[in-house]
2 protein chains.
Amino acid sequence: MADKSKKPQKLKARLPRGLEDRGPAAISATLQMVEKIREVYERYGFEPVETPAMEFTDALGKFLPDQDRPNEGVFSFQDDDEQWISLRYDLTAPLARYVAENFDSLPKPYRSYRFGWVFRNEKPGPGRFRQFMQFDADTVGAPTPAADAEMCMMAADTMEALGIPRGSYVVKVNNRKVLDGALEAIGLGGEENAGRRLTVLRAIDKLDKFSADEVRKLLGPGRWDGGEEGKGDFTSGAGLSAADADIVLAVTQKRDDWKEAIAAADAYLARSDVGQAGVSELEEIAKLVTASGYASDRIRIDPSVVRGLEYYTGAVYEVELLLETNDEKGRPVRFGSVGGGGRYDGLVSRFRGEPVPATGFSIGVSRLQAALTLIGKVDTKPAVGPVVVTVFGGEIADYQKMVATLRNAGIRAELYLGNPKHSLGQQMKYADRRNAPCAIIQGSDERANGKVQLKDLILGAGLTEIKDREEYLKKQSEAQYEVDASKLVDAVREVLARHDVKWN
Amino acid sequence: MADKSKKPQKLKARLPRGLEDRGPAAISATLQMVEKIREVYERYGFEPVETPAMEFTDALGKFLPDQDRPNEGVFSFQDDDEQWISLRYDLTAPLARYVAENFDSLPKPYRSYRFGWVFRNEKPGPGRFRQFMQFDADTVGAPTPAADAEMCMMAADTMEALGIPRGSYVVKVNNRKVLDGALEAIGLGGEENAGRRLTVLRAIDKLDKFSADEVRKLLGPGRWDGGEEGKGDFTSGAGLSAADADIVLAVTQKRDDWKEAIAAADAYLARSDVGQAGVSELEEIAKLVTASGYASDRIRIDPSVVRGLEYYTGAVYEVELLLETNDEKGRPVRFGSVGGGGRYDGLVSRFRGEPVPATGFSIGVSRLQAALTLIGKVDTKPAVGPVVVTVFGGEIADYQKMVATLRNAGIRAELYLGNPKHSLGQQMKYADRRNAPCAIIQGSDERANGKVQLKDLILGAGLTEIKDREEYLKKQSEAQYEVDASKLVDAVREVLARHDVKWN
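Here the structure is a predicted model, which is why all the values come from computation and not from measurement. (Residues numbered from 1 in each chain as written. Chains lettered and ligands numbered in written order. Predicted model: local features only at pLDDT ≥ 70, side-chain atom pairs only at ≥ 80, totals over all residues. Heavy atoms only, no water.)

Even after reading the chapter, I still don't get the overall build of chain A, so can you show me in this structure?
Helix and strand counts for chain A stand at 18 helices and 18 strands. At 30 Å, chain A has a C-alpha radius of gyration far larger than the 23 Å of a compact globule built from 504 residues. The C-alpha extent of chain A, read off along each of the three principal axes, is 95 × 60 × 60 Å. Buried positions account for 52% of the 504 residues belonging to chain A. Averaging the locations of the 70 positively and 77 negatively charged side chains of chain A gives two centres separated by 5 Å. (Helix = DSSP H or I, 4+ residues; strand = E, 2+ residues; numbered from the N terminus. Rg over C-alpha atoms; globule rule 2.2 N^0.38 Å. Buried < 20%, exposed > 50% of the residue type's maximum accessible area, 1.4 Å probe, protein only. Lys, Arg positive; Asp, Glu negative; His and termini not counted. Charge placed at Lys NZ, Arg CZ, Asp CG, Glu CD.)

I would appreciate a short explanation of empty space enclosed by the protein in the present structure.
In this approach a probe as big as a water molecule rolls over the atoms, and the regions it shows empty are the leftover space. Overall, the coordinates contain five cavities of 30 Å³ or more when judged by the stated rule. Considering only enclosed or pocket space, the largest cavity measures out at about 70 Å³ in volume. As for the largest cavity, its lining consists of Leu19, Glu20, Arg22, Trp117 and Gln131 of chain A together with Glu50, Thr51 and Pro52 of chain B. For the lining of the largest cavity, the class distribution of residues is three nonpolar, two polar and three charged. (1 Å grid on protein atoms, 1.4 Å probe; cavity = no way out; pocket = protein on both sides within 12 Å on 5 of 7 lines; lining within 4 Å. Points joined across faces, edges and corners; volume = space filled by probe spheres on them. Nonpolar A, V, L, I, M, F, W, Y, C, P; charged D, E, K, R; others polar.)

What is the right way to read the nonpolar core from this model?
As a rule of thumb, nonpolar side chains are buried together in soluble globular proteins. Of all hydrophobic cores here, the largest spans 95 residues; its most connected members are Val492 of chain A together with Tyr41, Leu321 and Leu368 of chain B. Among the elements that take part in this core, helix 4 (residues 145-161) of chain B stands out by supplying ten residues, more than any other. In this structure, leucine 321 of chain B is in contact with Met159, Ile164, Ser168, Tyr169, Arg334, Phe335, Gly336, Val338, Leu368 and Ala371 of chain B, ignoring residues within four places of it in sequence. In this structure, Ala149, Val178 and Leu368 of chain A together with Tyr481 of chain B belong to the second largest nonpolar core, which totals 94 residues. (Core = buried A, V, L, I, M, F, W, Y, C linked by side-chain atoms within 4.5 Å. Contact = heavy atoms within 4.5 Å.)

Explain helix 4 of chain B to me, please; I cannot follow it from the model alone.
Counting along an α-helix, one turn takes 3.6 residues, and residues three or four places apart therefore face a common direction. Residues and elements named next belong to chain B. Between the first and last C-alpha of helix 4 there are 24 Å, a value that for 17 residues agrees with the 24 Å anticipated at 1.5 Å per step. Counting buried residues in helix 4 gives 15 out of 17 residues, a clear majority hidden from the surface. Glycine 163, located one to two residues past helix 4, shows a positive phi value of around 100°. (Expected span 1.5 Å × (residues − 1).)

Shown next, in the form of structure tokens:
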């Protein structure tokens with residue numbers, strides 16, 4: 001109406017890409033998950049420790065999987081004193097800083113856990129957010145494969161505590177040194193081969209999705225994703241000779257029996273020291289999880305596991321859900337990885353200048369939550385709402401006092417706080433929307449006689465299905481009735497008991 | 001040793017200023033607090049909703065209290081598409097965006113709560129962090145003072161649920177329109193007086209700390225904080241005449257009886273429409289909280305309450321702890337504000353172009369936690385640690401299996417994961433450090449006979465105080481004994497029961 005130039009422009013209410021809001025159902029599901037994970041981790045002797053959302057950029061290092069944009073992937077800003085600060089992109093790098101900073105006062109080995117939001121300044125996509133939650137556990141100061149074995153067993157126990165049946169998940173274990181040994185065996189050691197090593201590792205990582213023949217193309221000349229030359233997109237290969245590709249595939253091939261996998265790696269990597277170290281660590285883990293009864297059905301040796309982050313130095317492990325879901329084209333696909341980790345012996349040492357062995361495991365909470373929802377392990381039915389006290393002609397103060405009385409008795413209750421002139425119909429519609437178990441009404445007649453009307457909305461909802469008139473009237477009188485205002489709390493409790501309403 | 005230039009420089013392990021790590025005790029205290037607050041809010045019919053840590057900068061607006069640096073105070077970065085994104089500095093502005101974005105699908109009035117980290121790019125100081133936790137509740141779409149009264153009652157109930165006794169806190173209520181009316185009454189309306197208005201409001205805000213005479217100086221010519229001219233620092237005043245300062249002080253003076261406070265404001269603001277509206281809203285709140293029994297001892301009308309954020313448009317409220325603590329010089333001071341809020345009818349409207357009334361309340365979780373720790377309402381005794389299984393010559397796999405057995409029986413247990421060659425003494429020191437209730441030892445003799453040694457560390461800790469030799473030997477044998485390896489779980493349960501160990 002006014003033509004003053006100061007009239008504020010209407011802002012658009014929206015979130016930046018790759019971020020999401022969360023409603024009651026998602027929040028409640030996360031809470032339940034987090035509690036179950038915490039319970040397992042504490043049973044394993046891990047204790048909580050938390051770091052803030054930001055760190056000095058140099059303390060985080062450059063370990064993000066996005067190798068094509070080495071300086072990107074994180075949200076950063078410059079502080080007053082010109083120093084760069086970044087939002088954490090995982091919970092491991094900040095833990096390494098924490099342990100290094102508090103080294104002398106911590107028990108060693110130091111087992112700890114934490115969950116929280118992490119941030120990646122990457123291109124978002126379906127199910128791929130720029131802020132997501134991780135739940136991590138780490139053991140610092142434990143040099144032996146027993147610490148890695150413990151992580152894998154804890155991962156398995158966590159999956160079962162969350163309701164994922166045995167056989168519907170698997171913890172796959174490998175060792176970076178085995179992969180390094182294979183790369184060494186085909187002459188790809190040394191600084192100058194870093195790029196090609198990465199291409200080989202990416203090809204190996206595809207063994208989960210593609211057949212060995214397809215991966216062979218990626219190891220060799222490259223691969224057309226349309227299935228034949230010139231069809232679809234082309235992915236450049238690592239340019240390995242057929243013999244070298246054979247070695248890589250022989251070492252990384254999945255095998256049902258872990259002893260065969262170890263034997264194959266051992267044979268092909270006989271002349272690589274790092275390869276031999278990897279084989280021996282992998283064998284030790286296999287023996288440990290076998291002794292504790294976790295082998296085969298829960299934890300498997302799988303030499304094709306790569307894991308993205310650059311900081312891993314030994315054992316790597318990955319939790320895969322074997323549940324099927326549908327991809328964007330409706331085809332069934334395995335749900336895939338919901339977490340993983342590995343040994344990162346160099347991450348704390350960066351600060352300490354002395355070797356500090358460490359191994360850790362990270363759960364992608366949001367992704368796992370999607371999986372649990374899929375298999376019905378997350379309660380998705382809407383919660384029963386509060387009792388709604390309607391406002392009907394009298395003093396607001398009197399109605400608000402009624403609500404206070406209910407709340408003080410531990411009953412979830414609300415006063416209708418919309419425009420007090422709204423009709424009773426509008427207010428009842430609100431009560432329905434809130435999924436209220438009952439509504440309280442006090443008009444002038446009731447007020448004069450010290451009474452209130454109590455409307456059982458759950459019984460009331462069933463009325464429409466009744467055809468018989470007598471029956472209808474009977475049920476109707478059961479669904480709405482007058483009680484003494486002084487007995488409001490008891491009357492409401494009766495309704496709640498009738499429908500077994502329990503708020504958690 | 002090597003003189004290669006590539007030798008990595010040792011990084012310094014430290015956090016940027018104003019950020020902190022949190023250990024088990026602090027995390028557990030926050031969890032307990034958050035659960036208690038949540039319980040109260042849900043009793044009031046509020047449901048959870050969460051927004052991400054970042055928003056478009058323009059969606060957050062510029063409402064930070066730091067008026068001297070209007071464009072600062074937030075952490076911001078530019079996205080790929082050149083748009084500015086900021087970390088949220090409170091939970092209210094993001095909620096306004098959320099409600100505006102989802103307006104049609106939300107019940108109205110919409111009561112919701114959320115807690116989470118907020119970020120301020122301000123100068124940190126003692127107890128003043130750049131990342132801290134808030135717990136907010138907001139009601140959107142409720143135009144009447146009943147919604148504000150509900151917030152105040154909920155704040156009071158929350159304090160008591162957290163263990164703060166009645167009388168040790170107070171919820172103080174005021175109305176911005178009363179303050180606006182007073183400013184109008186002394187001729188400080190209009191855009192051109194914005195700066196002086198702010199100086200007056202800041203002076204009023206000091207009524208909590210200073211006497212009326214000292215505040216009068218701030219309203220008038222200015223104040224020397226050394227007590228007399230030329231002594232200490234000088235704070236410029238608002239330059240009000242003595243008569244105008246009288247009006248401001250008369251309106252904002254604390255009074256024991258809320259009716260007197262209302263009457264004074266009413267009298268002085270008789271000719272100000274906005275002042276009259278404020279007085280009438282304040283009176284309505286006073287009546288509502290009186291009717292529900294919350295007046296005087298829990299909720300008080302206090303016309304000196306200002307609250308910092310610029311977006312408040314009506315009722316403002318503040319929770320003050322009356323507990324005493326010591327300042328940096330050891331002098332007793334009141335703990336002060338731990339939360340507050342108010343009505344912000346303009347914040348959602350910025351997106352909607354239509355009026356959307358809203359009122360909300362925010363608890364400073366970290367600050368309140370400090371207060372609760374001070375009065376002993378936070379459990380600070382160290383938790384009992386896990387059972388520690390030591391490694392003593394045998395196969396790690398066998399010890400790890402023992403641990404797995406204990407864990408599968410629901411007992412918190414750890415394998416010693418340090419160097420397996422560490423002496424038993426070193427391992428027992430670790431067990432002490434972990435506050436373990438007992439330790440398990442299996443040497444070659446026990447192994448050969450299918451036995452384990454069980455060491456009750458709580459009993460053992462008491463041995464040093466025993467002087468009598470017989471008694472000592474008797475107690476020593478009670479504190480360490482051999483059991484069948486197959487009965488390990490039962491034996492450990494016996495120790496836990498002996499000391500009433502319950503992990504939560």
